[in-house]
Amino acid sequence: MSPVFPMLTVLTMFYYICLRRRARTATRGEMMNSHRTIESNSRTSPLNAEVVQYAKEVVDFSSHYGNENSMSYTMWNLAGVPNVFPSSGDFTQTAVFRTYGTWWDQCPSASLPFRRTPPNFQSQDYVELTFEQQVYPTAVHVLETYHPGAVIRILACSANPYSPNPPAEVRWEILWSERPTKVNASQARQFKPCIKQINFPTNLIRLEVNSSLLDYYTELDAVVLHGVKDKPVLSHKTSLIDMNDIEDDAYEEKDGCRMDSLNKKFSSAVLGEGPNNGYFDKLPYELIQLILNHLTLPDLCRLAQTCKLLSQHCCDPLQYIHLNLQPYWAKLDDTSLEFLQSRCTLVQWLNLSWTGNRGFISVAGFSRFLKVCGSELVRLELSCSHFLNETCLEVISEMCPNLQALNLSSCDKLPPQAFNHIAKLCSLKRLVLYRTKVEQTALLSILNFCSELQHLSLGSCVMIEDYDVIASMIGAKCKKLRTLDLWRCKNITENGIAELASGCPLLEELDLGWCPTLQSSTGCFTRLARQLPNLQKLFLTANRSVCDTDIDELACNCTRLQQLDILGTRMVSPASLRKLLESCKDLSLLDVSFCSQIDNRAVLELNASFPKVFIKKSFTQ
């Protein structure tokens, strides 16, 4: 056989992939036209009346601005009828995610992104909602009341959360998807995307959001599901899924290329061996590896089926040093992990966030994977991985001796005793426990043994009884700490702040938002400013006692400050803010929302004098 034939085979395969990608990047207008074609060819029986229902309850979410023990700014506000709509503005009765814009990616606590993340996966947060009745969806409406435009993906699940019998198979189907787009207006709107028809009824809807292009927090008021009880009949002339509306996830399912299907193909594929591999035989091994680094995981799996040489390259553990499985949360299961095991023996960064829920990953499956692949792990992301239990954390502590970063954000189903195992990970430099049930005893043990910590997130950890004791231990043991998140810690006082300020002089980021027990009159904020000159981000959100003296101290001592949030204070004047802006040349974000002395005119004047600073001023209609 001529040497050119294997080369042509590979080029043909690459050309095929390019054509599919081109199809997926069709214009939004073409996609909407295909949806209209489908809708115009669907026939609904007159007796099949449309059912319109609001969400019954919120069953899962990745983050929220509010407190775990209240309703203000929490995801739970999405259940039921609208509280605010059609009014516009900043209202506590709405659902608000924790972050917006790119500010959180620019602060010292930001993590480096994973390589090989597919470009069509841009979701940052999610919320899952259940409805009373299962229906075949005809429309999903999202009532947005402030800074709309964050929703980028809507999915439906085949499982009925209210069924007493768990289903044999759980499927997620994308109803609508779009890349993040800038919405210039901040006013309320009823978002009505054109959704795809699916072949199963659902009462479980998931919204995924990306807030990176927003000027401020997005606020959602309610979600409305329209649907019919009986399956609509489609015309034979119209396919259910148009080629222009295919995302990576969708076409993988349609073509039988889901992760589990690929597992079987890999294990059973018999690749013919020709006399040579054309020009690939002449390329250095390292160069081919470098080229393959640019492929997504599904594309890497497909390429491995073309010839033995490329299969060898695609199965090389060096291709899996960084493994981001979060984009495939809807289909990743025990079989997938078992299949990946042999190629992940050198994995150092592993992202399993959002994966394994509703029985997709078992404790046994996760444990088997880590026992083979955990020895080289340095970073492990497990945000919202609700399959985790105490056994999983015990396996992590035993199989991952080199672990330096562990993210358990919003793993709120982990029992309190499970966190005791983290204390065995003495090399930890980053630990995220946001919205977990970690208790004081376990946390003190972690702080005692993990003295190398540089980044620590304890936001919304409601089970901690005395934050002053925690702050004292942090100050005594974590001398290298650079960032600390104490968002909504309920009882830290000036005593805890004094221990932090004296014991952690390297702090560059400190979030004390919604900490009601801190009072400026005790001198705690002055102490912070004088003893932490490296501060780049300081959040004092909703602390009404912050005053001009505190701002003046920041201006004099914290000249490297880049982000400051003093939302809700009544005692800061425009003059002190001007002094701060003149002293802190790197300041880029200043939130003065609901500051009674800072009116819109003052904001306009400061904006004119300091055009490079984003000064945020929220409003309520």
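Along each chain, residues carry numbers from 1 onward, in the same order as the chain's sequence is written. The predicted nature of this model means local features are confined to residues of pLDDT at least 70 and side-chain atom pairs, given and counted, to a pLDDT of 80 or more, with totals for whole chains, interfaces and linings taken over all residues. To get the side-chain values, take all heavy atoms of the structure and skip hydrogens and water.

An unreviewed UniProt entry annotates the chain as F-box/LRR-repeat protein 4 of Gorilla gorilla gorilla.

(A) Highlighting the overall build of the chain. Working definition: helices are DSSP H or I runs of at least four residues, strands are E runs of at least two. Numbering for both runs from the N terminus. Helix and strand counts for the chain stand at 17 helices and 23 strands. Think of it in three bands: residues with accessible area under 20% of the maximum for their type are buried, residues over 50% are exposed, and the middle band is partly exposed, with areas taken using a 1.4 Å probe on protein chains only. Expressed as a percentage of the 621 residues in the chain, the buried residues total 57%. Here, two residues are considered to be in contact whenever any of their heavy atoms come within 4.5 Å of each other. Taking all contacts inside the chain whose residues are at least 6 apart in sequence as the whole, residues at least 24 apart take part in 81%. We get accessible surface area from the Shrake-Rupley algorithm with a probe of 1.4 Å; when it comes to residues, only the shown protein chains can shield them. Of the roughly 25,400 Å² of accessible surface on the chain, a fraction of 52% belongs to carbon and sulfur atoms.

(B) Representation of the confidence of the model for the chain in the model. Scored from 0 to 100, pLDDT records how confident the predictor is in each individual residue. Across the chain, the average pLDDT comes to 88, with 86% of residues at 70 or higher. Low confidence marks residues 1-10, where pLDDT is under 50. Its contacts with residues over four positions away, or in another chain, come to ten contacts. Within the model, the stretch residues 235-259 combines pLDDT values under 50 with 65 contacts to residues more than four positions away or in other chains.

(C) Representation of the packing of aromatic side chains in the model. When the centres of two rings from Phe, Tyr and Trp lie within 6.5 Å, Trp using its six-membered ring, the rings pair. Their planes under 30 degrees apart give stacked, over 60 give edge-to-face, and anything left gives tilted. For the structure shown, the criterion picks out 19 aromatic pairs. Considering the side-chain rings of Tyr 100 and Tyr 216, the 5.2 Å spacing of their centres and the 55° angle between planes classify their relative orientation as tilted. Placement of Tyr 100 in the loop between β4 (95-96) and β5 (125-146) and of Tyr 216 in the loop between β9 (202-209) and β10 (219-228) is noted, with a sequence separation of 116 residues between them. Assessed through its relative accessible area of 2%, Tyr 100 is described here as buried. Residue classification places Tyr 216 among the buried residues on the basis of a relative accessible area of 4%. Their ring planes at 75° and their centres at 4.9 Å tell us that Tyr 126 and Trp 354 sit as a pair that is edge-to-face. Of this pair, Tyr 126 sits in strand β5 while Trp 354 is found in the loop between β13 (349-351) and α9 (363-373), placing the two residues 228 residues apart along the sequence. The exposure class of Trp 354 is buried, given its relative accessible area of 3%. Cluster of aromatic residues (ring-pair linked, three or more members): Tyr 65, Tyr 73, Tyr 100, Trp 104, Tyr 146, Tyr 216, Tyr 217, Trp 487, Trp 514 and Phe 539. Note on geometry: a ring has a charge over it if NZ (lysine) or CZ (arginine) is within 6 Å of the ring centre and within 35 degrees of the ring normal. Across the ring face of Tyr 162, the terminal group of Lys 56 is positioned such that the distance to the ring centre comes to 4.2 Å.

(D) Molecular detail of the side chain of His 421. Structurally, His 421 can be placed in the loop between β15 (405-407) and β16 (430-432). Not counting residues within four places of it along the chain, the set of residues in contact with His 421 comprises Glu 390, Leu 393, Glu 394 and Ser 397.

(E) Looking closely at the pattern of salt bridges. The salt bridge definition used is simple: a Lys or Arg side-chain nitrogen within 4 Å of an Asp or Glu carboxyl oxygen. On inspection of all chains with the given rule, the structure shows 20 salt bridges. With its nearest N and O atoms 3.3 Å apart, the salt bridge here joins Arg 98 to Asp 485. Here Arg 98 is found in the loop between β4 and β5, whereas its partner Asp 485 is found in strand β18 (residues 483-485), with 387 residues between them in sequence. One exposure class covers both Arg 98 and Asp 485, and it is buried. Two residues, Glu 208 and Arg 206, come together in a salt bridge whose shortest N-O distance is 2.9 Å. On the basis of relative accessible area, Glu 208 is assigned to the buried category, the value being 0%. Accessibility expressed as a relative area gives 1% for Arg 206, which makes it buried. In the salt-bridge network here, residues are joined through shared partners; they are Glu 128, Arg 153, Arg 206, Glu 208 and Arg 358.

(F) Structural detail: helix α5 (residues 285-292). Three or more residues of α5 are buried, namely Ile 288, Gln 289 and Leu 292. Down the axis of α5, the smallest arc covering the buried residues is 100°, so these residues share one side. Residues of α5 that are buried in the fold lie against α6 (297-303) and α7 (308-314). By arc we mean the arc of the directions from the helix axis to the C-beta atoms, nothing more.

(G) The side chain of Lys 196, seen in detail. Within the element layout of this structure, Lys 196 appears in the loop between β8 (189-191) and β9. For Lys 196, a relative accessible area of 5% corresponds to the buried category. A distance of 3.2 Å separates a polar atom in the side chain of Lys 196 from the backbone oxygen of Ile 174. For the purposes of these results, a polar contact is taken to be a pair of N or O atoms within 3.5 Å, where, inside protein, one atom must be able to donate a hydrogen and its partner to accept one; residues adjacent in sequence count only when each atom of the pair is a side-chain atom.

(H) Representation of the nonpolar core. Leu 408, Ile 422 and Ile 474 are the most contacted members of the largest nonpolar core, which totals 114 residues. Residues in contact with Ile 474, not counting those within four places in the same chain, are Leu 447, Leu 456, Leu 458, Leu 481, Leu 484, Leu 500 and Cys 504. Judged by nonpolar contacts, the second largest core, of 31 residues, contains Leu 78, Val 142, Val 151 and Trp 176. The set of buried Ala, Val, Leu, Ile, Met, Phe, Trp, Tyr and Cys residues whose side-chain atoms join them within 4.5 Å is what this entry labels a nonpolar core.

(I) Region of the structure containing the state of the cysteines. Two cysteine sulfur atoms make up a disulfide if the distance between them is within 2.5 Å. Per the stated rule, a full pass over the model turns up zero disulfides. Note on Cys 461: no disulfide assigned, nearest cysteine sulfur contributed by Cys 489 at a separation of 9.7 Å. Taking the relative accessible area as the measure of exposure, Cys 461 reaches 2% and is therefore buried. In this structure Cys 584 is a free cysteine whose sulfur lies 7.3 Å from that of Cys 558, the closest cysteine sulfur available. A relative accessible area of 2% places Cys 584 in the buried class.

(J) Quick look at the sheet that holds β13. The twelve strands are arranged β12-β13-β14-β15-β16-β17-β18-β19-β20-β21-β22-β23 in an open sheet whose pairing can be described as parallel. Of all strands in the sheet, those bounded by a partner on one side alone are β12 (322-324) and β23 (614-616). For this sheet the average axis-to-axis angle between neighbouring strands, irrespective of direction, equals 5°. What makes two strands pair is DSSP finding at least two bridges between them. As paired strands, strand β17 (residues 455-457) and β18 are joined by three bridges and run parallel to one another. Directly across from Leu 456, in β18, lies its bridge partner Leu 484. To get an axis, a line is fitted to the C-alpha atoms, and for a helix only the part in contact is used. The angle between two axes follows their N-to-C directions and goes from 0 to 180 degrees.

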